[in-house]
Amino acid sequence: QVQLVESGGGLVQAGGSLRLSCTGSGTPHTFKSMGWYRQAPGKQREMVAIISKDGTSDYADSVKGRFAVSGGNGENTVHLQMNSVKPEDTAVYYCHAVLFLSYYRGTYYPEGKDVAYWGQGTQVTVSS
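Within any chain, residue numbers begin from 1 and follow the written order of that chain's sequence. Per-residue local features of the predicted model are confined to residues with pLDDT of at least 70, and side-chain atom pairs are confined, for both listing and counting, to 80 or more; whole-chain, interface and lining totals are unaffected and use all residues. To get the side-chain values, take all heavy atoms of the structure and skip hydrogens and water.

Student: I'd like a description of the state of the cysteines, backed by residues and values.
Tutor: Two cysteine sulfur atoms form a disulfide, by the criterion used here, when they sit within 2.5 Å. With the rule as written, the count across this model stands at one disulfide. Linked covalently through their sulfurs, Cys-22 and Cys-95 form a disulfide whose S-S length is 2.0 Å. On the sign convention where negative is left-handed, the bridge of Cys-22 and Cys-95, at about -85 degrees about the S-S bond, is left-handed. Placement of the pair is Cys-22 in strand S3 (residues 18–25) and Cys-95 in strand S9 (residues 91–104), with a sequence separation of 73 residues. Comment: elements are numbered from the N terminus, with helices defined as DSSP H or I runs of at least four residues and strands as E runs of at least two.

Here you go:
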């Protein structure tokens, strides 16, 4: 079955850097997109950065210029380079990936279907 495994989370001081990685497995297909979401205590989960297999990317306004997403290639791996981190970046970061499939669980979808997967999450804590 498809699974996403994150690594690289931890404790870092404000202004420092951290690099998260996620590798997908369990599918012969290349993910349509891969990226990162985060959820801080008491807050909703939000998109941080996404990269499509064609290389285009999207970022939350709060991280533009500080974070960079890379990967999303045929090896089904994505990275998040976090620079100039701030205490408000503290959250659980979740890897996210999407497969676009014609067949899913034995059902045929003539126009395709987006199927989303989530990693287990990795804690990032930024100290002042």
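Student: Requested: an account of the sheet that holds strand S1 (residues 3–7), with residues and values cited.
Tutor: One open sheet holds the four strands; their spatial order is S1-S3-S8-S7, and the pairing between them is antiparallel. At either margin of the open sheet sits one strand with a lone partner, and together these are S1 and strand S7 (67–71). If you compare each strand with its neighbour and ignore which way they point, the axes differ by 15 degrees on average. Summarising the sheet, S7 and strand S8 (residues 77–82) pair through five bridges and their orientation is antiparallel. When the bridges of S8 are listed, Val-69 appears paired with Leu-80. For two strands to pair, DSSP has to find at least two bridges joining them. Between N-to-C directions, angles cover 0 to 180 degrees, with each direction set by a line fitted to C-alpha atoms, over the stretch in contact for helices.

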